[in-house]
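# What the coordinates show
Here is what each chain is made of, one letter per residue.
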Amino acid sequence: MSVSPRKTPEQLRSYRWYGRDELRSFGHRSRAKQAGWGADDYVGKPIIGILNTWSDLNSCHMHLRLTADAVKRGILQAGGHPMEVPVMSVGEMLTKPTAMFHRNFLAMETEEVLRAHPLDGAVLLGGCDKSTPGLLMGAFSANIPVIYMPCGPMMKGNYRGTTLGSGTDVWKYWDEKRAGNLGWEEWCEIEDGIARSPGHCMTMGTASTMTALAEALGLVLPGASSIPAVDSAHTRMAAAAGRQILENVWLDRTPASLVDKRSFENAIITDMALGGSTNAIVHLVAMAGRLGIPLPLEDFDAISRRTPLLANIRPAGKYLMEEFYQAGGLSALLHTLRDLLHTDALTVTGKTLGENIEGCAAFDTDVIRPLDNPLQKEGGTAILRGNLCPDGAVIKHAAATPALCQHTGPALVFDSYPEMKKAIEDPDLDVTADTVLILRNAGPVGAPGMPEWGQLPIPKKLIDQGVRDMVRLSDCRMSGTSYGACALHLAPESAIGGPLALVENGDLIELDVANRRLHLHVSEEELDRRRAAWSPAPIRYHRGYPKLYVEHVTQANEGADFDFLQYGPALPEPEIF
Ligand code: FES
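Residues numbered from 1 in each chain as written. Predicted model: local features only at pLDDT ≥ 70, side-chain atom pairs only at ≥ 80, totals over all residues. Heavy atoms only, no water.

### Considering the sheet that holds strand β10 (residues 436–439)
Taken in spatial order, the eight strands make up an open sheet running β7-β8-β12-β11-β10-β9-β13-β14, and their pairing is mixed. Edge strands, defined here as strands with exactly one partner in the open sheet, are β7 (382–384) and β14 (517–520). Direction aside, the axes of adjacent strands within the sheet are offset by 30° on average. Alignment of strand β13 (residues 508–512) against β14, held across four bridges, turns out to be antiparallel. The residue bridging Ile509 from the neighbouring strand is Leu520, located in β14. (Pairing = 2+ DSSP bridges. Helix = DSSP H or I, 4+ residues; strand = E, 2+ residues; numbered from the N terminus. Axes fitted to C-alpha atoms, helices over the stretch in contact; angles between N-to-C directions.)

### A word on the packing of helix α5 (residues 99–116) against helix α6 (residues 131–142)
Running from N to C, α5 and α6 cross one another at 40°; their axes reach a closest spacing of 7 Å. Of the possible angle classes, the one that applies to α5 and α6 is oblique. As α5 runs across α6, the sense of the crossing is right-handed. Packed against α5, whose contacting residues are Arg103, Asn104, Leu106, Ala107, Thr110, Glu111, Leu114 and Arg115, the element α6 presents Ser131, Pro133, Gly134, Leu135, Met137, Gly138, Ala139, Ser141 and Ala142 at the interface. Within the contact of α5 with α6, the residues separate by chemical class into eight nonpolar, six polar and three charged. (Parallel < 35°, antiparallel > 145°, perpendicular 65-115°, else oblique. Left-handed = near helix turned anticlockwise from the far one by under 90°. Contact = heavy atoms within 4.5 Å. Nonpolar A, V, L, I, M, F, W, Y, C, P; charged D, E, K, R; others polar.)

### Observations concerning the sheet that holds strand β4 (residues 146–150)
If you walk across this open sheet you meet the four strands as β2-β1-β3-β4, and the pairing is parallel. Two strands lie at the open edges of the sheet, namely β2 (81–86) and β4, each paired on one side alone. The sheet shows a mean angle of 20° between the axes of neighbouring strands, taken without regard to direction. With five bridges joining them, strand β3 (residues 121–126) and β4 adopt parallel strand pairing. Counterpart to Leu124 in the pairing with β4 is Tyr148. Helix-sheet contacts for helix α10 (residues 232–250) involve β1 (47–52), β3 and β4, and the interaxial angle to β4 is about 175°.

### Points about the pairing of β14
Of the two faces of β14, the one lined by Leu518 and Leu520 is fully buried and the one lined by Arg517 and His519 carries no buried residue. Connecting β13 to the next strand, β14, in antiparallel fashion are four residues, including Arg516 with a positive phi near 55°. (Buried < 20%, exposed > 50% of the residue type's maximum accessible area, 1.4 Å probe, protein only.)

### A few points about the environment of Val467
Locating Val467 in the fold gives a position in the loop between α19 (460–463) and β11 (472–474). Judged by relative accessible area, Val467 falls into the buried class, the value being 13%. Between the C-alpha atoms of Val467 and Thr432, which are 35 residues apart in sequence, the distance is 9.4 Å. Those residues in contact with Val467 that sit more than four places away from it in its chain are Ala433, Ile458 and Leu462.

### Focus: the pattern of salt bridges
With the rule as written, the count across this model stands at 39 salt bridges. Salt-bridge contacts for Asp415 lead to Arg440; the nearest nitrogen and oxygen are separated by 2.5 Å. Placement of the pair is Asp415 in the loop between β9 (406–414) and α18 (417–423) and Arg440 in the loop between β10 and α19, with a sequence separation of 25 residues. What makes Asp415 partly exposed here is its relative accessible area of 34%. For Arg440, a relative accessible area of 11% translates into the label buried. One salt-bridge network, in which partners are shared between bridges, spans Glu92, Asp129, Lys130, Glu452 and Arg477. (Salt bridge = Lys/Arg side-chain N within 4 Å of Asp/Glu carboxyl O.)

### Here's the deal with the nonpolar core
Counting 112 residues, the largest nonpolar core has Phe264, Leu284, Phe300, Phe324 and Leu333 as the members making the most contacts within it. Those residues in contact with Phe300 that sit more than four places away from it in its chain are Ile268, Met272, Ile281, Leu284, Val285, Leu295 and Ile383. Core analysis: the second largest hydrophobic core is formed by 28 residues, Cys405, Ala485, Leu490 and Val503 among them. (Core = buried A, V, L, I, M, F, W, Y, C linked by side-chain atoms within 4.5 Å.)

If you want it as structure tokens, here you go:
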């Protein structure tokens with residue numbers, strides 16, 4: 001790694017606020033005194049923000065106040081001055097219409113909080129799904145030194161001695177309840193036992209995926225993403241992050257100086273080996289877009305084809321994050337994958353990724369499989385193309401019924417989630433196990449925010465017949481904890497006139513995962529006729545964040561970021577008058 005010259009105190013960003021003999025600096029210093037800081041507390045020291053997504057509205061992050069205390073301890077030990085700053089929590093459970101709708105909001109807030117204040121560096125505390133990409137997208141754009149400190153996964157769930165995985169087992173047991181195989185009392189016991197502690201979902205959902213990918217990108221201290229939230233190692237790691245960020249500030253290790261195309265390829269390789277969430281694709285594209293790094297969907301598919309699925313974790317596998325941690329965690333997985341990775345990629349430790357994982361090993365090779373005994377020879381996610389998705393679609397085929405990965409069937413189309421929800425309970429619905437269920441108007445603009453509706457429920461009529469998986473298509477996303485033959489993120493989306501808008505009930509649709517194909521068997525002439533008759537839905541949002549969102553969000557293959565937040569010339573530092 002090329003070493004930047006060590007900064008002097010006068011070169012610190014915060015010096016512009018506090019260090020000058022000017023009227024404004026007088027104001028800043030007097031208010032520091034108002035806060036109870038004397039010169040010994042902060043003069044000549046890096047000021048480190050702790051951007052905390054703690055909130056009573058987000059149970060995954062309920063321990064992050066204590067985590068922030070540990071980070072502060074580390075910052076003080078290393079000679080910095082900590083300042084804890086709240087930012088939007090974007091909890092996956094309670095944020096509506098979907099946390100994804102507010103990911104860009106968190107990214108904007110993060111960027112502006114970092115840029116507008118006298119911060120020399122920051123430790124970012126997050127973990128629940130969208131908080132990881134939101135915080136990192138903002139930090140990439142602000143481009144000051146940061147370390148990401150994941151909140152860690154929660155303990156595994158328990159129901160009458162059976163292990164429960166968050167999300168994944170909800171979908172499973174909900175279908176059993178709908179089929180009449182599970183009563184109210186049992187359902188309540190599952191509710192009691194499925195989320196037993198602070199921390200993010202402990203399956204390989206979006207949270208576990210994105211925190212692991214942040215580590216593979218080089219932005220997390222080695223091993224931190226796998227540590228359970230309630231493990232004391234989490235607290236020790238938080239203090240270590242607080243110590244490390246000081247060195248990174250003095251040596252000006254900014255995101256742009258650490259993260260490059262190699263880092264993103266490492267993240268994609270890791271994603272495929274983990275059987276990670278399909279959401280990772282849209283988030284990685286958006287994150288790379290903030291640094292001006294092209295990440296076409298073809299990169300994901302090419303890497304998926306050559307990367308074996310090694311992590312035996314639900315929903316693609318058997319275990320949960322606690323077992324993954326005990327088996328050696330992400331460091332062990334990366335070590336197993338080392339010959340496929342760019343081990344020379346840089347990281348926040350000041351060492352390369354290869355140096356960080358030296359000597360690591362998997363302690364349980366059923367949880368972290370060796371390369372010669374993978375769970376699946378290829379990665380967990382495939383990119384589809386075809387006349388239904390000229391700009392791409394994704395499918396997590398590792399978590400789909402294999403027989404459905406090559407399937408042709410008639411379309412049954414729903415124009416909205418409420419319409420679909422009502423219809424699937426209809427005992428007379430015209431549907432068979434061969435039908436291809438379609439939900440449209442659910443993309444970035446249409447929903448808006450691409451909610452996780454893509455695992456369309458199996459119609460009640462078929463549930464009663466024992467059907468548990470069907471081919472389903474949509475322009476929205478699905479939870480990383482979900483499973484099934486669900487093609488997602490179809491782009492361009494139906495609300496802006498993408499081909500999904502032109503499908504009619506009974507049209508034959510072909511899904512061919514092996515050949516990465518998603519095809520609507522309707523002639524071009526007929527599609528032209530339907531296109532000419534199509535018109536967009538009336539505009540629903542005339543003010544506020546929703547208006548900003550639908551006017552500026554990009555399509556799924558572009559990361560669903562705002563067009564005006566993507567990479568561009570660096571913004572000037574704020575004037576201090
Ligand atoms: Fe927070 Fe799943 S609800 S990670």
